[in-house]
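So you can see what is in the structure, the chains are spelled out below.
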Amino acid sequence: MAVATDWLDSLRGQRIFISGTELLPTTKQWDFQGFTAAYDTTTGRIVIRAASDWKESARLVSTSNRALSGLTAVDGVTPVANDRILLAGQTNPVENGLYAAASGTWARTSDANENVEVTAGATVRITEGATYAGTGWTLQGPDPITVGVSSQTWVQTAALAYG
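A. Broad picture of the nonpolar core. Counting residues in each nonpolar core, the largest one holds 16 residues, and the members touching the most others are Val61, Leu86, Val124, Ile126, Trp137 and Trp154. Put simply, the parts of the chain that give this core at least two residues each are β11 (122-125) and β12 (135-140).

Given below as structure tokens:
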């Protein structure tokens, strides 16, 4: 960590620009696509954090409207009970989000069923499916998001490589 600290210390007193925006000590936080930069008035340092909130992988993603119950095929694969499924194409976008599949009524997953857990920038990797295996999906939109009230817009952001 000494290298990172030395690098940040070398920026003290310098004019810094990210994506054409100057980071000024009088501004406390700057938001950019993919990350947030914040000025720490105590240390005088700029702290850069990833804006993504990586969620546990989902087995499948559905990009079309579907019933929130039953174990029918999603992207060419039949889920089993408790498979994590990302719904990204519901007619009512309030219903989009991460669910645990069930033969009865589906429930939102435990890491995406409370407002504090669902924020813009949340990202999930899809592990299976005829079309979407190996893709990443990110939740877009302004915070705060109220689960079950706010629309959730999940967009495919990447084809991910993993083993």
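B. Representation of the environment of glycine 76. Note on placement: glycine 76 falls in the loop between β7 (60-62) and β8 (84-87). With a relative accessible area of 67%, glycine 76 lands in the exposed category. Between the C-alpha atom of glycine 76 and that of glutamate 128, which follows or precedes it by 52 residues, the distance is 9.3 Å.

C. Region of the structure containing the pairing of β8. The alternating pattern of β8 places Arg84 and Leu86 and Ile85 and Leu87 on opposite faces, both of which are buried. The sheet contact formed by β7 and β8 spans 3 bridges and is parallel. Residue pairing in the sheet places valine 61 in a bridge with leucine 86 of β8. Of the strand pairs in this sheet, β8 and strand β9 (residues 97-100) are connected by 4 bridges, and their pairing is antiparallel. Residue pairing across strands places arginine 84 opposite alanine 100, the latter belonging to β9.

D. Region of interest: unusual backbone geometry. Cis geometry marks the peptide bond from aspartate 143 to proline 144, where omega comes out at 0°. Relative to the elements of secondary structure, proline 144 occurs in the loop between β12 and β13 (153-159). Even without being glycine, aspartate 75 reaches a positive phi, approximately 50°. Looking at the secondary structure, you find aspartate 75 in the loop between β7 and β8. Residues other than glycine seldom take positive phi values, yet asparagine 82 does so here, at roughly 75°. Mapped onto the elements of the fold, asparagine 82 is located in the loop between β7 and β8.

E. Expanded view of the packing of aromatic side chains. Taken as a whole and assessed by the stated rule, the structure comprises 2 aromatic pairs. Measuring from centroid to centroid gives 6.4 Å for tyrosine 99 and tryptophan 106, while their planes differ by 50°, and the two rings are tilted. Given a relative accessible area of 4%, tyrosine 99 falls into the buried group. For the pair tyrosine 132 and tryptophan 137, a centre-to-centre distance of 5.5 Å together with 75° between the ring planes defines the contact as edge-to-face. Accessibility assignment for this pair places tyrosine 132 and tryptophan 137 in one class, buried.

F. Main features of the side chain of serine 150. Turning to its location among the elements, serine 150 is positioned in the loop between β12 and β13. Residues within four places of serine 150 in sequence aside, it is in contact with Pro93, Val94, Pro144 and Ile145.

Conventions adopted
Residues numbered from 1 in each chain as written. Predicted model: local features only at pLDDT ≥ 70, side-chain atom pairs only at ≥ 80, totals over all residues. Heavy atoms only, no water. Core = buried A, V, L, I, M, F, W, Y, C linked by side-chain atoms within 4.5 Å. Buried < 20%, exposed > 50% of the residue type's maximum accessible area, 1.4 Å probe, protein only. Helix = DSSP H or I, 4+ residues; strand = E, 2+ residues; numbered from the N terminus. Pairing = 2+ DSSP bridges. Phe/Tyr/Trp six-rings, centres within 6.5 Å; stacked < 30°, edge-to-face > 60°. Contact = heavy atoms within 4.5 Å.

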